[in-house]
Each structure stands twice: as structure tokens, then as C-alpha cells.
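Reading the structure
What follows is the residue order along each chain.
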Amino acid sequence: MKKEFTLKIGEKDLIVEVNDFAEQSNGSVFIRYGETLLLVTAVMSKQEKKGIDFFPLTVAYEERFYAAGKILGSRYLRRESRPSDQAILTSRLIDRAIRPRFPKSFQNEVQVVATCLSWDTENDPDVLGVLGASLALSISDIPWSGPIAALRISKINGSFVFNPSYLQREKNELDIVWAGMEKSASNSSGNMFINMIEGEAKETDEKTILEAYEFAELELKKIIDFQNKIIKEIGKEKIKLESAQRDEDLEKEIKDFLGNKLEEITSNANSSSKIDEIKDKLVNFVEEKNPEKTNYAKKFFEEKIEGLIHKNIITEEKRPDGRKLDEVREICCEAGLLPRTHGSGFFKRGKTKSLSILTLGSPGDQKLLEGMEITGKKRFMHHYNFPPYCSGEVKPMRGPGRREIGHGMLAEKALVNLIPEFEDFPYTIRIVTEILSSNGSTSMASVTSSSLALMDAGVPIKSPATGIAIGLMTDEKGNYKILTDIQGPEDHYGDMDLKIAGTKNGITAIQMDVKIEGINKEILEQGLNRGKKARTQILEKMKDALPETRNNLSRWAPQIHTIQIKPEKIREIIGPGGKVIHEITEKCDVSIDIQEDGKVFVTAEKEESAQKAITWIKNMVHIFAQDAASVMPLM
């Protein structure tokens, strides 16, 4: 069997081919845009996974170096090993878009694998991964309420563009991936729901974000119709899920055991810990009588808690900690906490606390990137750590997981467009955020503490940045309430997590996940406005702690001196086999980086070391003292 379907999106054709290449999967498609081609498969286990309280979905985006015509990897390995950060981010993007559409009662393991077989250097595989996953699941017999559509929108030179190329995206003001699905028949207004957002921007206002969605909406609907046509023609019948039987006797016992405890803990500022405490007591109570009913009791407990929190907020505007719907928790900002680091910032919002530490390095300290999609250097890095103590847990301390990489990159996106250009500030910048205490939106806390660290270090950023998480509670009647600065149970039991980061001038990063069908444009607009109001409040608190970027760098930061020489003199400094430059760096205790245009960067921890190396270089290439460029300022 081989069938091909085509849809024009933007300037190129989206081509879907369904064949029997991966015939043992439940569903598979080849999906192509330009000459970028992915194979996406979906497989379901034969049996339910018993004894778990989450849906066992795994999503893997697999980069293949052959797709780009490259032989990469370790010299002694020469094959793909652990996923790159970019591959992990793409896996998370697909996961966040498809996960909410699985039935809540479904517990068979499902694995979606998107393998990039061909990459044309123009078209990003990430959106194709979402569309391919939607189609593979939709035409399979796996229970899944799709399809969903995905589209990348950029704003370039004042105009919106569908699925721009990498080259076009280098000039963009805004870059957002939208995922959406068609509204159910019972919902009368509009055509589409938004169910996932991932984007970055150059201080873009809220109105432009909404305009980008309006531009995308009709095309998203077209992609949904295209998929429905394929599903109608070749889709398999979905397996039937058995309706869960209610255990009314057990439920009555649980209700009697709980009494009015649920009402008390859902109206308590420390509700997260109280909920866990009562849940543990309930589990022990059920285990003594009916050990096999423990999971049923846990699910019933979660349903009741979720229902109460929704009811309290929607009908009474009563949040667990007593705040108003648009109220931000108590905020504390500090800078310069650590004595020997180049810059540090601390941010506290309620019980969420983050500490960011900044290190400045030479141009040669840039990260080398060698992957299927990206080859080059990176001079600004943000890394995010979530140690188990921050949530009061005991866990093995391993390397960064998908969550750490995803949250770290979100904060990096929020800050990267605020970093000064290399020509103005040639340092390599690395920020590490340590989450000290977690109770909602640690990624947005890391944006704030990182911004404070940048200012404390004397990095001349364009403007301070912060972020906030906006939540949502809905009911079956269509009523809803939007929440500013969600925490604990509001995050866990809520229906939306809309993270918005930016400056006083506009948005720099945005990310949204939902647990419901999706949200409409009106909810998005209200969420963006709430985010702007909260962002302004936090920026004022940051200003109180550190009014502006420090004028000088830390005395512990390295000094970078810049010398301009004639390009033809470069080989004299390097010497045969690098002999001369190695001698200078070793004897003067400096690092030296040379650009093709003859710009030489001398980085040293001590002034005398730098001057010794500069004098050596000047004497070699016969330039005068006044030809040396400026030295980076010190404290």
C-alpha cells in the first residue's frame, strides 16, 4: 500500500506518504516539506501498565547525521549517541502538543518516534514532527482525539511568514510555533483552539502576538481539514476502551474517611504539602482493607481535589492561598550575593526561589556546536538545575534531564536577544540557575534571577527581563477564570500553563501547554494582558534591588584587551604549527583569540599578564601603542 497526499503551505508543498515500510507499528507516515523528510511512527503496548498514576507516553525525535550528509560524532565512535539539546527540545515540543489528546483512563504505553531521514538546510523538522505524530496517531488504532495542526510563524521586515527557512529566521522579530485543533461541535464561536505555543521574540508587544495567531488560524484549519481527509480515507478503527466501573462502596468509605478535610486543605496556603499528607493517610487506610484498590483510591482522591479547586476558583474566586485572581505572590530580589563569582542574582516569588550565577569567559570559551541542524559557536548559555531538595525529595543526582534542558532553554530564549553584540562585548557568557525551592514557575523565576545576575556582572543588556506563569480554570459549562502567578495545586490541577517572559518593552519568550482541548483567542489575549501587568510589577521590584546595570565588571572577571593588526600579520603571531601563539599564552598566562579581519583578543586574569602579551604581539607585528583598542572596564 502506498498513498500520497499534498497540501500547499506558504511557498512549499507539504507531502504525506502512507506506506507499509514500518508495517509493525500501529501507525506511520512519511512527511516532507521541501527536502526535509521525517518518518514518524506510533506504537502501543498490548497490555495496560498497572500501578501507575500517569499516562505512559514517550516521544523521541531522532537526528540522523546522514540526513544532512555528515559524518559526525566522536572520532572513535562516529555515530549518533545521546540526543542533542535540540533533539530533546523537539521531542518535548511534539510531546506537549499531543499528550493532552489521549483519554485520561488510557494506560497502555505509547511511543512516538520521529526520525529525520533527510534535511535540506532550509526547513526545520520540528513542525513536521508534530504534524507527523498527529497523522501517525490519527490513522492508527490508538485511542487519540486528534488531529492537531502545527505551524511556525515569523515576522520579518514587518510581514508574517509561514514556515520560514533558517535564513529568513535570522532576520525575524518574532518566531512562534502554534499548535491547534478544531473546536468540538458543541462550541459555536470560532473554528480553532490553541493547544500549544512555543516562541521567542525581540521585545514584541502583545498585539503582535495576537496578530500572528490570527495570521496562522486559517492555515491551521486548512491543515486540520487536510489530515481529516487522510484519516477518512485510510484511518483504522480505534480500539474500544472499557468504561471504568465505579466502586461506590469504596468511594463512600473514602468520603467518610476524608470528611471535610478536602475543603480545609484546598483553602490552605500550604495546600501542596497538606494534600500530600492527607493522600498518604488515605492510601494507608485503603491498603489495610483493600490493597488492590490503592490506585483507584488515589485517582478518586485526585478527582475530588481537582473538582474542589476548580469550583472554589470559578464560583467564588477563592484561591488556595487566599490571593486575588490577578495577584502576584510576595517578591524578593537581591544581587551580588556570592563573593567570588562574576555576577549573581536571587529571586523569590512565594516559595519559589532561584539563584543564578554568571561567569564571563574569553571568546575562545564559546561552546562548539556540531549537530545535524547546527554547526557553529554559541557565546551565551543558560543552564538550569533542579536538585531534588528544591521540592523536598530524595532522588539520585544524575545529569540534566529533558525538563532541565527545556526549562533552561526557555530562559535562554527569553534573554538571548537582550545580550549585547559580540563587537560591543566580546565575552562568552554562561549563567547557571540553581532552583533552591520549587512551588510554581521556576523557569520564569530563572529568567528574573538570571537578569539580575547579568546586571550585577556589568553586562550591558538592553533591558532587564522577568517572567510570569498564567493559569486557567474551566468548567463543563464554559465558565473560566484566569489566574496570575500559579503555584502548587493551581499548576498541578489547572488547565493551562502560559509562561510569558519579557521586558518593559515587550515579550521575549512565550510557552503554553494545556490539559484541556485548548484555549480560544480571547483567553490568550486576557492571559497576555495579565502577564504584562505582572511583569511590570516584578520589574519594579527588580529596580528597587538593582536600579541599573553596574558600570564596571567584577574584579574577579577576566580582562579582554583588543588589538587590531593587519590580516597578513596573523600568521606571524600564530607561527609554524601554532608554536608562537602557544609560547605567548603559556609564558604570559593569557588566552589569545584571533579573527580573520586581524582583530586580536587577549584575555587575562591579571593586568600585568595582559600587558606582557600585548607588548610581545606589538613588537612582533611592529604596531604602536596607540593602535591598541580599548580595554574592557573593571571594578
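Model, not experiment: these values are computed from the prediction.

1. A short note on the side chain of Thr603
- Tracing the sequence through the fold places Thr603 in strand β24 (residues 599-604).
- Discounting residues that sit within four places of it in the chain, Thr603 has contacts with Ser362, Pro363, Pro558, Gln559, Ile560, Val590 and Ser591.

2. Digging into the sheet that holds strand β12 (residues 343-349)
- Pairing within the open sheet is mixed, and its 5 strands lie in the order β11-β12-β13-β17-β16. Only two strands of the sheet have a single partner each, and these edge strands are β11 (331-335) and β16 (380-385). Ignoring which end each strand starts from, the neighbouring axes of this sheet average 15° apart.
- Helix α12 (residues 521-545) rests against β11 and β12 of the sheet, and its axis sits at about 40° to β11.

3. Thoughts on the confidence of the model for the protein chain
- Of all residues in the protein chain, 96% have pLDDT values of 70 or greater, and the mean over the chain is 91.
- Counting interchain partners and residues more than four positions distant, the pLDDT-below-50 stretch residues 624-635 has 28 contacts.

4. Brief notes about unusual backbone geometry
- Of note, the amide linkage connecting Gly146 to Pro147 takes the cis form, showing an omega dihedral of 0°.
- In the Ramachandran plot, Arg78 falls in the positive-phi region, its phi being about 55° despite a non-glycine side chain.
- Among the structural elements, Arg78 can be located in the loop between β5 (57-62) and α1 (85-98).
- With a phi close to 55°, Glu203 is a non-glycine residue in the positive phi region.
- In this fold, Glu203 is placed in strand β10 (residues 192-204).

5. A few points about the pattern of salt bridges
- As enumerated under the stated definition, the model contains 39 salt bridges in all.
- As a salt-bridge pair, Asp485 and Arg329 come within 2.9 Å of each other at their nearest N and O atoms. Linking Asp485 in the loop between β19 (480-484) and α11 (488-493) with Arg329 in the loop between α8 (294-316) and β11, this pair joins segments that are 156 residues apart in sequence.
- Residue classification places Asp485 among the buried positions, given a relative accessible area of 0%.
- Through salt bridges with shared partners, one network takes in Arg319, Asp321, Arg323, Arg329, Arg349, Asp485 and Glu490.

6. Topic: the nonpolar core
- Within the largest apolar cluster, 130 residues are counted, with the highest numbers of intra-cluster contacts made by Ile98, Phe102, Val110, Val112, Trp178 and Ile429.
- With residues near it in sequence (within four places) discarded, Phe102 still touches Phe55, Leu57, Val110, Leu137, Ile142, Pro143 and Trp144.

7. Details of the environment of Asp249
- Assignment of secondary structure puts Asp249 in helix α5 (residues 248-258).
- Measuring from C-alpha to C-alpha, the distance between Asp249 and Ile52 comes to 23 Å, with 197 residues separating the pair along the chain.

8. Here's the deal with the environment of Thr508
- Tracing the backbone through its elements, the reader meets Thr508 in strand β21 (residues 506-514).
- Measuring from C-alpha to C-alpha, the distance between Thr508 and Ser451 comes to 13 Å, with 57 residues separating the pair along the chain.
- For Thr508, the residues in contact, after removing those within four places along its chain, are Glu200, Ala201, Glu203, Lys413, Ala414, Leu418, Ala501, Gly502 and Thr503.

9. Some remarks on helix α14 (residues 579-588)
- By the burial criterion, the buried members of α14 are Val580, Ile581, Ile584, Thr585 and Cys588. Angular distribution of buried residues about the axis of α14 spans 130°; they occupy a single face of the element. Exposed and oriented more than 90 degrees from the buried face of α14 are Lys579, Glu586 and Lys587.
- Buried residues along α14 sit in contact with α13 (570-574), β23 (591-594) and α15 (607-621).
- Two residues or fewer after α14 comes Asp589, characterised by a positive phi angle close to 60°.

10. Considering the environment of Ala149
- Residue placement: Ala149 occurs in strand β7 (residues 149-156).
- On the basis of relative accessible area, Ala149 is assigned to the buried category, the value being 0%.
- In this structure, the C-alpha to C-alpha distance between Ala149 and Ser84, residues 65 residues apart in sequence, is 25 Å.
- Ignoring sequence-local partners within four residues, the contact set of Ala149 consists of Leu131, Trp178, Ala179, Gly180, Leu220, Ile223, Ile224 and Gln227.

11. So, the pairing of β12
- Counting buried residues along β12, 7 of its 7 residues qualify, which places the element largely inside the surrounding structure.
- As paired strands, β11 and β12 are joined by 5 bridges and run antiparallel to one another. From the neighbouring strand, Ile331 faces β12, where its bridge partner is Arg349.
- The pairing of β12 with strand β13 (residues 352-361) spans 7 bridges and is classified as antiparallel. Paired with Lys348 across the two strands is Lys353, which belongs to β13.

12. Considering the packing of aromatic side chains
- Across all of its chains, the model carries 13 aromatic pairs by this definition.
- Taken together, a centroid distance of 4.6 Å and an interplanar angle of 35° make the contact between Phe55 and Phe102 tilted. You can see Phe55 sitting in the loop between β4 (36-48) and β5 and its partner Phe102 sitting in the loop between α1 and β6 (108-118), a full 47 residues away along the chain. As far as the burial class goes, Phe55 and Phe102 line up, both buried.
- Between Phe162 and Phe215, the aromatic rings sit 4.4 Å apart at their centres with planes inclined by 20°, giving stacked as the arrangement. You can see Phe162 sitting in strand β8 (residues 159-162) and its partner Phe215 sitting in helix α4 (residues 206-234), a full 53 residues away along the chain.
- By the ring-pair criterion, three or more aromatic residues cluster together here, those being Phe55, Phe102, Phe106 and Trp144.
- The ring of Phe257 carries the charged tip of Lys261 above its face, separated from the ring centre by 5.5 Å.
- Over the ring of Trp556 we find Arg340, and its NZ or CZ is 3.5 Å from the ring centre.

Conventions used here
Residues numbered from 1 in each chain as written. Predicted model: local features only at pLDDT ≥ 70, side-chain atom pairs only at ≥ 80, totals over all residues. Heavy atoms only, no water. Helix = DSSP H or I, 4+ residues; strand = E, 2+ residues; numbered from the N terminus. Contact = heavy atoms within 4.5 Å. Pairing = 2+ DSSP bridges. Axes fitted to C-alpha atoms, helices over the stretch in contact; angles between N-to-C directions. pLDDT = per-residue confidence, 0-100. Salt bridge = Lys/Arg side-chain N within 4 Å of Asp/Glu carboxyl O. Buried < 20%, exposed > 50% of the residue type's maximum accessible area, 1.4 Å probe, protein only. Core = buried A, V, L, I, M, F, W, Y, C linked by side-chain atoms within 4.5 Å. Arc of directions from axis to C-beta. Phe/Tyr/Trp six-rings, centres within 6.5 Å; stacked < 30°, edge-to-face > 60°. Lys NZ or Arg CZ within 6 Å of the ring centre and 35° of its normal.

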